[in-house]
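Understanding the architecture of this molecule
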Amino acid sequence: MTRIKFSITNKIIIATIFSILLFSISPNAQEVRKISYNKVNVDVVIDKPSNDSVDVLIAYPGTVMSDDKILDAAKFILTKVKEITNRKDIMIVSVAYPQENRLMGDSLREAEAALLWVKEKAAEELGKKIKKIYLVGHSQGGYVVTRLNTMHATDGVIANAPGPLNLVFRCGLEENNRVPNGVVCGLLKETYGTTLAKPASYMERSLLNFTEGYKSDILFVQGLQDTRIQMASWSTFKQKVTDCTNCKKRQFVEIANSGHPTLFSNSEAKKAYNDFINR
């Protein structure tokens, strides 16, 4: 009888301790949601902290080859952004903007819809008071957030290895069989012809064409051991952005011995990012 009482008591104690531990750990709730703004629909992955009042990071992933991979890409970039963010009270909205069969830049429609949804509808739909809004993008996602910064003001933008910087150069290499052919340049060639025939059409979609009119402070992170294609135009892009006379503050963090994913792999870049969103 004594053993039975002891066993029951132990079970109650263990269950109580487990409950305390369970409720003391409050992981953010994540959900995949199809959002809509002005009749434009896009899937997002939302990581919500428990607090009622939040700053928001809107994250944009890099290039994927087909749209059946874009939701995984959005989840991946959310995870990477969350890992480097030193605050636990930030809500992350990761955008699965479509890319398949889209010319470079045409996905801005869905990317912008996600930003405007966060600005104007997310508070009511999610039951959160939204304070500051930041954009963060990697690779093509960096291209997206840089272009969005010419369209809408936020509380700050972070672009890691943004590109493509120069589609005339990049696609010209493909045309001359100096690098393997890719989907991005293939679609442009189908639409416009070669870079020799229509260089202006390629350049107007290049990030080099979007170096003015930044409406918010922006942090560019670039590893200097990135690909040859990226680095061939990086100094020109940086100079054009530096020379901008109608832009908000611009900050560059360049890491000598680092490559494409520098923001997520380099301690100096991570510190600059956290300092930027904690201003």
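Refer to the preceding data block for the structure.
Below or above, wherever it landed, is the structure these notes cover. (Residues numbered from 1 in each chain as written. Predicted model: local features only at pLDDT ≥ 70, side-chain atom pairs only at ≥ 80, totals over all residues. Heavy atoms only, no water.)

Applying the stated criterion across every chain yields a total of 2 disulfides. Between the sulfur atoms of Cys171 and its disulfide partner Cys185 the distance amounts to 2.1 Å. With the S-S bond torsion at -80°, the cross-link from Cys171 to Cys185 turns out left-handed. Taken together, the residues Cys171 in helix H6 (residues 167–175) and Cys185 in helix H7 (residues 183–192) connect sequence positions 14 residues apart. (Disulfide = S-S within 2.5 Å. Helix = DSSP H or I, 4+ residues; strand = E, 2+ residues; numbered from the N terminus.)

Interhelical geometry of helix H3 (residues 108–120) versus helix H5 (residues 140–148) gives an angle of 65° and a closest axis separation of 11 Å. Between H3 and H5, the crossing angle belongs to the class labelled roughly perpendicular. In terms of crossing hand, the pair formed by H3 and H5 is right-handed. On H5, the residues touching Leu108, Ala111 and Glu112 of H3 are Tyr143, Val144, Arg147 and Leu148. Split into classes, the residues belonging to the contact of H3 with H5 amount to 5 nonpolar, no polar and 2 charged. (Axes fitted to C-alpha atoms, helices over the stretch in contact; angles between N-to-C directions. Parallel < 35°, antiparallel > 145°, perpendicular 65-115°, else oblique. Left-handed = near helix turned anticlockwise from the far one by under 90°. Contact = heavy atoms within 4.5 Å. Nonpolar A, V, L, I, M, F, W, Y, C, P; charged D, E, K, R; others polar.)

Looking at the secondary structure, you find Lys132 in strand E5 (residues 129–138). Residue Lys132 is classed as partly exposed on the basis of its relative accessible area, which comes to 32%. Each C-alpha atom of the pair Lys132 and Asp155 lies 5.9 Å from the other, and the pair is 23 residues apart in sequence. Excluding its chain neighbours within four sequence positions, the residues that come into contact with Lys132 are Val54, Asp55, Val56, Asp155 and Arg279. A distance of 3.3 Å separates a polar side-chain atom of Lys132 from the backbone oxygen of Arg279. (Buried < 20%, exposed > 50% of the residue type's maximum accessible area, 1.4 Å probe, protein only. Polar contact = N/O pair within 3.5 Å; in protein donor to acceptor, adjacent residues only side chain to side chain.)

These figures come from the coordinates and say nothing about function on their own.
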